[in-house]
Amino acid sequence: MRSVDEHLADILFTVRSLAPLEIELEGALGTTLAEEVSSPVPLPPFVNSAMDGYAVRAEDVAEAPVTLPVIDDIAAGDGRPLVVGPGTAMRIMTGAPMPEGADAVIPVEWTDGGTARVAIGRPAPVGHAIRMAGEDVRAGDVVLSSGTLIGPAQLGVLAGVGRRRVLVRPRPRVVVISTGAELAEPGTPLAPGQIWESNSYTLVAAVREAGGDGYRAGIVADDAASFLDQLDAQLLRADVVITSGGVSMGAYEPVKEALSPLGTVRFDRVAMQPGMPQGFGVVGQDHIPIFALPGNPVSSFVSFMLFVRPALRKMQGLPAGPTPTVRAVTVSPLRSPAGRRSYLRAVLTADGSVAPVSRQGSHQLAALASANALIVVPEDVTDVPEGTTVEVIPL
Ligand code: AMP
Ligand code: MG
């Protein structure tokens, strides 16, 4: 048996970051920036008002209350060159360019809101409620560095510096193929001996949460030739393939039967529970990485968290390593098999305690759905007393 760490190291050694490509901003959410982005202009580009109010000379309102004539109205977007002379005010809106001569904005709340003349109740210092040009970004400043994951705020700053297209590493496209003669599509009736197929739904969802685009390729019966046909068809659109089922020690193991002869996919027993049988390698002329995960629902999901998720991060150009853990204190004793790292389904609470759920079978989907964490018990530990601090993977 090989260790979880060896298996992951092998995967991260094999998987490559996806090549950068230029895309429209609309499609950039969840991609990773592959260039350094700087601003061609200062932001804000011009001095403007931070509030709705009146542009004045601060010295004219120093003795407030005062009343000043209102000589013009400046809306946001008004590009006229305007000048405020001594003893006058202009009504100004948030984001409108400051007129020359004025050095303070009196918020409308401090006035009577007049349009011909305005009564100002309080003085304001020079610079009050004014946004200076370049106070967010100076021209030429780097606003995002290469390798940044693009979220909503990063998209906003890209648009804010005028970018329409951007060079990114795309979201990996991940195709999920389920194998099993016993599998029926949810929504169709179950024949004797059948169960509803669930792994592809879990895995596609997990792919999306990990920043990839997941596609269900449907169900393949336990037949190596049909599996290879489906794999061939799917390779056209995949950056990664995940299969579930068909990798154990029994008969009718189509994934193992089909991929073993290629010589580019290895099948190992990994010292973990659940999820011992694991296949990983590359397929097709483009050497597409393939994860052949075990079929038990809990096993395939845990395998995804431990092996596929870090690989997807590497493909996205993000820092990739073992799935992060937090520490928590057990509220009941735990047991774990010798020589295997176990991942017990558990409920982690905000106070930092963690309790295993009662059913730990690798087929127990509902127990998995009631958990929000995995307790990691090291290979050499078989008994964990209550009150022990353990590593936990939040789900
Ligand atoms: P296998 O790895 O193909 O031997 O499957 C192990 C167990 O997982 C069997 O009980 C299968 O019925 C079950 N299983 C396999 N694939 C799926 C799937 N896609 N959805 C739900 N259960 C599955
Ligand atoms: Mg099977």
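Here, the structure is the one placed above.
Now for a description of the structure that goes with this document. (Residues numbered from 1 in each chain as written. Chains lettered and ligands numbered in written order. Predicted model: local features only at pLDDT ≥ 70, side-chain atom pairs only at ≥ 80, totals over all residues. Heavy atoms only, no water.)

The environment of ligand 1 is formed by 15 residues, the closest being E182, E197, S198, G246 and G295. Note that an oxygen atom of ligand 1 is positioned 2.9 Å from one of the backbone N or O atoms of G246. A distance of 3.2 Å separates an oxygen atom of ligand 1 from a polar backbone atom of N296. Relative to its free-state accessible area of 490 Å², ligand 1 is covered by the protein chains to the extent of 79%. In the shell around ligand 1, the residues fall into three nonpolar, 10 polar and two charged. (Near = heavy atom within 4 Å. Polar contact = N/O pair within 3.5 Å; in protein donor to acceptor, adjacent residues only side chain to side chain. Areas by Shrake-Rupley, 256 points an atom, 1.4 Å probe, with all protein chains shown as cover. Nonpolar A, V, L, I, M, F, W, Y, C, P; charged D, E, K, R; others polar.)

Counting 36 residues, the largest nonpolar core has I242, F291, F304, F307 and Y343 as its most contacted members. Ranked by residues supplied to this core, first place goes to helix α6 (residues 297-315) with 11 residues. For F304, the residues in contact, after removing those within four places along its chain, are L203, A206, V207, A210, I242, L293, R309, P310 and L312. Of all hydrophobic cores here, the second largest spans 19 residues; its members include V220, V247, V265 and A292. (Core = buried A, V, L, I, M, F, W, Y, C linked by side-chain atoms within 4.5 Å. Buried < 20%, exposed > 50% of the residue type's maximum accessible area, 1.4 Å probe, protein only. Helix = DSSP H or I, 4+ residues; strand = E, 2+ residues; numbered from the N terminus. Contact = heavy atoms within 4.5 Å.)

Looking now at unusual backbone geometry. Here L43 and P44 are connected by a cis peptide whose omega angle stands at -10°. Inspection of the secondary structure puts P44 in the loop between β3 (37-38) and β4 (48-49). Omega for the peptide link from Q273 to P274 comes to 0°, which places this bond in the cis form. In this structure, P274 sits in the loop between β19 (272-273) and β20 (277-283). In this structure, Y252 is a non-glycine residue whose phi angle is positive, near 55°. In this fold, Y252 is placed in the loop between β17 (240-244) and α5 (254-259). One non-glycine residue, H287, adopts positive backbone phi at about 55°. Along the polypeptide, H287 turns up in the loop between β20 and β21 (288-293).

Another point: the sheet that holds strand β1 (residues 21-24). Taking strand neighbours across the sheet as the criterion, the three strands line up as β1-β12-β2 in an open arrangement whose pairing is antiparallel. Either end of the sheet is taken by a strand with one partner, and the two such strands are β1 and β2 (32-33). In terms of strand pairing, β1 meets strand β12 (residues 165-169) through four bridges, oriented antiparallel. For L21, the partnering residue across the bridge sits in β12 and is V168. (Pairing = 2+ DSSP bridges.)

So, on to the sheet that holds strand β8 (residues 104-107). Strand pairs in the sheet, formed through backbone hydrogen bonds, run parallel or antiparallel to each other. In space, the five strands of this open sheet follow the order β8-β5-β7-β6-β9, with mixed pairing throughout. Edge positions in the open sheet fall to β8 and β9 (117-120), since each of these has one partner strand only. Ignoring strand direction, the axes of neighbouring strands in this sheet form an average angle of 40°. (Axes fitted to C-alpha atoms, helices over the stretch in contact; angles between N-to-C directions.)

Time to look at the pattern of salt bridges. Considering all chains together, one arrives at 20 salt bridges under this definition. As a salt-bridge pair, E24 and R165 come within 2.7 Å of each other at their nearest N and O atoms. Here E24 is found in strand β1, whereas its partner R165 is found in strand β12, with 141 residues between them in sequence. Residues participating in the shared-partner salt-bridge network are E22, E24, E26, R164 and R165. (Salt bridge = Lys/Arg side-chain N within 4 Å of Asp/Glu carboxyl O.)

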